[in-house]
Each structure stands twice: as C-alpha cells, then as structure tokens.
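Chain by chain, the residues run as shown.
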Amino acid sequence: MPDVNMKILVVDDFQTMRRIVKNVLKGLGFTHIVEADNGLRALEILKGEKIDFIVSDWNMPEMPGIELLKTIRSSEEWKDLPFLMVTSEGKREQVIEAVKNRVNNYVVKPFTPATLEEKIRNIFEGK
C-alpha cells in the first residue's frame, strides 16, 4: 500500500463526488487530502504545495481532467506525478487518450470503494 502520509489532491467539480473519494481515501488511512473543483484550481494548488498523488474527474468546467493531465505531463516538475482519472464515461477513445497522456490508472463511475482501492494499489505497486 502507498504511504498513507502522502498528500493527495482530489479534483472534481461536484462536492458530493469529492466527498465520496475523500471518504474512501480516509477509509484507506490517508489523512492529507486537498480538494479542487476544477483543473485550473488544481494547478494553483500544485504550484503552492507538494502533492504526491492526484485523483481527478474528467468532465469539469474551466479545465477538464484530460487537460490537467496533459499540463502535468508536459511539466518537468510534475511529469511523473501519479494520476488517477475518474470518469462517468468509459468510452474507448477516452481511455486511449488518457493512456496516451500517461495516466497511471482509470476508474469509471459509479465505482465501489474496493475498486478505487484496487486502482490506487495498482498505481503504487506498479501494475
């Protein structure tokens, strides 16, 4: 299991979804969780503090998750930052686009806490 002391950034425009993800993360023992309601806000947070892992929704106003991922991957500082994409769309072309942009893993809503935990474990265990 990854280090429970790492700082996780949860990015979603729906507060309820952020709360669900946060509750799952807390249930896994993570305590340092920061929230953003879109990709632009997430970038502001990244510039101001050290983030160890991002869980981001795909569909958001201002800057969607895929644009956040592309921006992070094009940055020397953040290019290797673990990134889990959460989306309500499991369309093949979306998965392919996320993989092309080196997403670490991908989970489709609705998901169970067990599924989210498995995706996180796979990222940090290198599967």
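Procedures and definitions
Residues numbered from 1 in each chain as written. Predicted model: local features only at pLDDT ≥ 70, side-chain atom pairs only at ≥ 80, totals over all residues. Heavy atoms only, no water. Helix = DSSP H or I, 4+ residues; strand = E, 2+ residues; numbered from the N terminus. Rg over C-alpha atoms; globule rule 2.2 N^0.38 Å. Buried < 20%, exposed > 50% of the residue type's maximum accessible area, 1.4 Å probe, protein only. Areas by Shrake-Rupley, 256 points an atom, 1.4 Å probe, with all protein chains shown as cover. Lys, Arg positive; Asp, Glu negative; His and termini not counted. Charge placed at Lys NZ, Arg CZ, Asp CG, Glu CD. Core = buried A, V, L, I, M, F, W, Y, C linked by side-chain atoms within 4.5 Å. Contact = heavy atoms within 4.5 Å. Pairing = 2+ DSSP bridges. Axes fitted to C-alpha atoms, helices over the stretch in contact; angles between N-to-C directions. Salt bridge = Lys/Arg side-chain N within 4 Å of Asp/Glu carboxyl O.

K.L.:
Sorry, what's going on with the overall build of the protein chain here?
P.N.:
Scanning the protein chain for helices and strands turns up five helices and five strands. Reading the helices (α) and strands (β) of the protein chain from amino to carboxyl end gives β-α-β-α-β-α-β-α-β-α. Rg of the C-alpha trace for the protein chain: 13 Å, near the compact-globule value of 14 Å for 127 residues, within the 12% margin. If you line up the protein chain on its principal axes, its C-alpha atoms span 35 × 30 × 30 Å. The buried share of the protein chain, reckoned over its 127 residues, is 48%. Carbon and sulfur atoms provide 49% of the accessible area of the protein chain, an area that totals close to 6,600 Å². Averaging the positions of the 19 positive and the 20 negative side-chain charges in the protein chain gives two centres separated by 2 Å.

K.L.:
Explanation requested: the nonpolar core in the structure shown.
P.N.:
Nonpolar side chains in soluble globular proteins generally cluster together in the buried interior. By size, the foremost hydrophobic cluster in this structure holds 24 residues, and its most contacted members are L9, L46, I54 and I72. Elements that contribute at least two residues to this core include exactly strand 1 (7-11), strand 2 (32-36), helix 2 (39-48), helix 3 (65-73) and strand 4 (83-87). Once residues lying within four places of it in the same chain are set aside, the contact partners of I54 are L9, V11, L46, I72, L81, P82, F83 and L84. With 19 residues, the next largest nonpolar core counts V21, L25, L28 and I120 among its residues.

K.L.:
Quick question: what am I supposed to make of the sheet that holds strand 5 (residues 105-108) here?
P.N.:
Strands belonging to one sheet form pairs held by backbone hydrogen bonds; the direction of such a pair is parallel or antiparallel. With respect to topology, five strands assemble into an open sheet ordered 2-1-3-4-5, the strand pairing being parallel. With one partner strand each, in any of the chains shown, strand 2 and strand 5 form the two edges of the open sheet. With direction set aside, neighbouring strand axes in the sheet form an average angle of 20°. Where strand 4 and strand 5 come together, four bridges link them in parallel fashion. Across the sheet, the residue bridging to L84 is N105, located in strand 5. Each of strand 1, strand 2 and strand 3 (53-57) touches helix 1 (residues 15-27); the most contacted strand, strand 2, lies at about 170° to it.

K.L.:
Help me understand the pattern of salt bridges, please; the structure alone is not making it clear to me.
P.N.:
Pairs can form between side chains of opposite charge whenever their charged atoms are close. One pass over the structure, following the stated rule, counts 12 salt bridges. A salt bridge links D80 to R102; its shortest N-O distance comes to 3.4 Å. Of this pair, D80 sits in the loop between helix 3 and strand 4 while R102 sits in the loop between helix 4 (92-100) and strand 5, and the two are 22 residues apart along the sequence. The exposure class assigned to R102 is partly exposed, which follows from its relative accessible area of 40%. Where salt bridges share partners, they join D12, D57 and K109 into one cluster.

No statement about biological role is implied by the geometric values presented.
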